[in-house]
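Spelled out, the chains give:
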Amino acid sequence: MSPKKRKISKLRGVATASPLDAPDKGVAGYALKPGLNRQVVFDISRQKNEPKWLLDKRLRALELFQRTPLPKWGPDLSRLDLNKIVYYSRPAAKEAGDWSDVPADIRTTFDRLGIPEAEHHVLSGAGAQYDSEVIYHRLKKEWGAQGVVFENMDTAVRKYPELVRKYFMTDCVPVSDHKFAMLHAAVWSGGTFIYVPPGVKVARPLQAYFRMNLERGGQFEHTLIIADRGSSVEYIEGCSAPRYVDSSLHAGCVEIHIKEGAGVKYSSIENWSRNTFNLNTKRAVVDRGGSIEWLSGNMGSGTTMLYPASVLRGAGARSDSLGIVFAGPGQDLDVGMKAILAAPETVATVRSRSICRGGGLATFRGLVRVTRAAKEAKASVNCDSLILDASSTVNTHPTLRVDSDAVDVVHEATVGRIGEEEIFYLTSRGLTPDQAKKMIVNGFADPVIKRLPLEYAVELNKLLELEMEKAVG
Amino acid sequence: MRPNQAEKSIVRGVNEPAWLSILRRRAQKRYLAAENPGLKYGLGVSFDAAAVAWPFEMRTDGHDEAVEPVISGDRGLVFTLTEALKDKMIAAGLRKRAERLFSADDKLYAWHAAACGRTLVVYLPKGYRTVRPIRIDHTLTGSLRLDKLIVLAEAGSEATMVERLLSAPEQKNNSSCRVAAVDVLADGGASVNFISIQTVNEKATIFSRRRAWAGRDAEVRWVSCGFGGTFSSVSTSTVLEGAGARTDIKDLFFGHDRQRIDLYQEARHLAPAGHSELACRGALTDEAKAICRGLIHIGRGAGRCQGRQKADTLLLNDAAEVATMPSLQINDDDVKCGHASAVGRLDKEKLFYLMSRGLDPATATRQLVEGYFSPIIGEMKESGLEEMVSCLIGQHFQPAADAC
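The shown structure was predicted, so the numbers you read here are calculated from the model rather than taken from an experiment. (Residues numbered from 1 in each chain as written. Chains lettered and ligands numbered in written order. Predicted model: local features only at pLDDT ≥ 70, side-chain atom pairs only at ≥ 80, totals over all residues. Heavy atoms only, no water.)

Caption draft 1: Structural detail: the overall build of chain B. Secondary structure assignment for chain B yields nine helices and 20 strands. Taking 22 Å as the expected radius of gyration for a compact globule of 404 residues, we find that chain B reaches 21 Å, a close match to that expectation. For chain B, the spread of C-alpha atoms along the principal axes amounts to about 70 × 50 × 45 Å. Across chain B, contacts joining residues at least 24 apart in sequence account for 84% of those joining residues at least 6 apart. Total accessible area on chain B stands at roughly 16,600 Å², and carbon and sulfur atoms take up 50% of it. (Helix = DSSP H or I, 4+ residues; strand = E, 2+ residues; numbered from the N terminus. Rg over C-alpha atoms; globule rule 2.2 N^0.38 Å. Contact = heavy atoms within 4.5 Å. Areas by Shrake-Rupley, 256 points an atom, 1.4 Å probe, with all protein chains shown as cover.)

Now the structure itself:
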């Protein structure tokens, strides 16, 4: 850690645990005053020069948001002061198509995260968002030539109005979906828009990285992915924020439309700092023969509520989701998965692994709903948890709701700790007990790590190791 | 209900001691303050509470039928509340645990605690073992029946209790409601088995709340079989408050027509080295609907506990509906806990196999369903109810000439 950063953390009175927890040197730009009202929504819309229908949608969402009470279930949100959040802040930088055009201080941040390098080697395209605005976006030429669109969401509103109007917060995540989807719809900014034309299979992943830097900031990026008939695409999202004393809020929204026979793989590693409220909405609507694959890692944030959902509305649609959660001291991570099987021969699998230590709270909350139309549908849910010490808590609340007799639905969950025998065996082979513990935790997370693209697997492994060092060190 | 009406619902004039009257009044207050049960358990998992005939909304005057339960087996151990309060030993035991016995979390049971007069007390002295099961037969004859059973099992005692609930034959077309509470207090090393079977008519509404507190090395086993009723709600919970306590909770149900079945099982581990097994096994046909919820809670410091929870449902018809919600709340690392649930249909291959051996489809189905239920029926060995349960299940496939 550089002397300068150490100074910052000392000033804040907060120990910065990982390099990503340190705030970047401020990039003075434009930020709205904290708090939320109609004027804030007007201001955001004016900043972006938005069409009227979008402004109307924002205002309707705001009205709904103000009328809707906070959810009565799940983690405690009382520490989240919605009036203190800065809902829009724009860094003093324009969107660039080349990393050398990105201001040096912002670039340093993303360099440290390894985005430019990954883009060069393994990605088809990359985007980076800093607070409310996207500061970098580029798609490799070959994909652009085939009609693939990979744009900043704000640009997409201008360049592809019909597509956006048809798919943006309509039947996938309607504006009225829930309290924080309403908030998102009112103040969203930035994010990614991806359109893959029929039959195009994008060979390498597209990636976006979201960095929230402002104290008491809010990030509300919107990701809209449309995979047209028979196409396929893989998209990776990474997120982080520095650590401040006051809470910040992330309420993003991901909408994925999967047309007949198309396939989307969506991976995200969310590593927000420990004072972030991560109240995120992710949902995919899958048509006949399509498939969605969710891969998620939840390591950071103080409080998370995140339940990626798959709506399988076409016959033979599939959903596969795999998640890993690591809850450390002071964290309340309430994550899960929803699958709605509403057509014949649909298949959904959910696998979740949670690890908690040091008083952390990890909750799995799942819902599998099989409607009467889902003949010959199959669903399986599997969640395993590992508790590393006696002060931590694991909850699992799965729900299976089945209205059709021609189905097979199973659920299984286990909770336990690392067995003495396992540690004994490994120590008898010459490992120290700490190494043994680390190895077992890594093995426990392995099914998830294996499925990640290599670079991410390395990152996740490092994050796990970092967490474990705190646990055993 | 207006307060003065509620006031009427309190039991009066049965010469109850002052401490009990105070508790009843407290329960009544809670009842008046509480909201009606919502029957909403999660996203899209609910019953229509408006369609349920809540007993506290019925007219309360002259409702409670007079027919007392028939008790057989070890008759000498069963007392009415009035008798029990006259006996110094038992009265002292009741008073010591009174707060617990007359506590209630929801509106219905707060009302029950205030209004229920018909209370039986089973007293098992230290080291006592029943030779035959204590059998209690309830027959629904009127529109509303409230009853309560308190089991005081002193250290090292052992007992099996069998409860049977049915509608009187002349009740065929009348709707009725029963609200029952069973509280078991099992002291160190005591072992209590409670087996129940319910075959009321299709217009009856049934509420059963079963609770147990298990002391050191005590064991409480619950088996319950539900067949009848338009709406039946059974909630069974055991608090394992002594080290090494064990509990088994097994529910069996067979739902048909438009039956609504609401099941809840809970094991609360507050002491180390406890063991709990929760199982729920049912079949649904026609337009029946069931919600099976469960919870295993491990308190902080309750290490070396084991808890298993299993919920299986067989859907025999497309219009039947089930939701299962097993939950775990684990606050200690030294545990082995898990749950599993499965929803499915009869295995077509097994059916085909049986038919290829000459069985007609109805018999083959019946055999498979019986096989599916056999693990829970096996738990009822001592009760003498095994055959009856098999017969009741079989009825759904081949209407028998004579009733079970």
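Caption draft 2: Seen up close, the pairing of strand 22 (residues 377–387) of chain A. Residue and element names in this part refer to chain A. Strand 22 sits mainly inside the fold: eight of its eleven residues count as buried. For strand 20 (residues 347–356) and strand 22, the ladder comprises ten bridges, and the chain directions are parallel. Residue Ser 352 lies in a different strand from strand 22, and its bridge partner there is Cys 383. (Buried < 20%, exposed > 50% of the residue type's maximum accessible area, 1.4 Å probe, protein only. Pairing = 2+ DSSP bridges.)

Caption draft 3: Local environment of the domain arrangement of chain A. All names here are of chain A. Under the domain assignment used here, chain A contains domain 1 (6–306) and domain 2 (420–473). Listed by partner, the interface residues are 16 residues for domain 1 and 13 residues for domain 2. For the pairing of domain 1 and domain 2, the buried interface totals around 1,300 Å² over both sides, and the portion due to carbon and sulfur atoms is 67%. When the area that domain 1 buries against domain 2 is broken down by residue, the three leading residues are Ile 269, Leu 295 and Met 299, summing to 40%. (Domains from an automatic or database assignment. Buried area = accessible area lost by both parts, 1.4 Å probe.)

Caption draft 4: Seen up close, helix 11 (residues 433–451) of chain A. Residues and elements named next belong to chain A. With 19 residues, helix 11 ought to run about 27 Å at 1.5 Å a step, and its terminal C-alpha atoms sit 28 Å apart, in line with that. The largest bend along helix 11 reaches roughly 60 degrees and is located at Ala 445, with the proline Pro 447 sitting one to four residues downstream. What helix 11 keeps buried is the set Ala 436, Ile 440, Val 441, Asn 442, Phe 444, Ala 445, Val 448 and Ile 449. (Expected span 1.5 Å × (residues − 1). Bend = angle between axes of the 7 residues up to and from the residue.)

Caption draft 5: The arrangement of unusual backbone geometry in detail. All names here are of chain B. Of note, Leu 39 is a non-glycine position whose phi angle comes to about 55 degrees, a positive value. Relative accessible area serves as the criterion here: at 9%, Leu 39 is assigned to the buried category. We note that Arg 304 has phi near 55 degrees; this positive angle belongs to a residue other than glycine. On the basis of relative accessible area, Arg 304 is assigned to the exposed category, the value being 57%.

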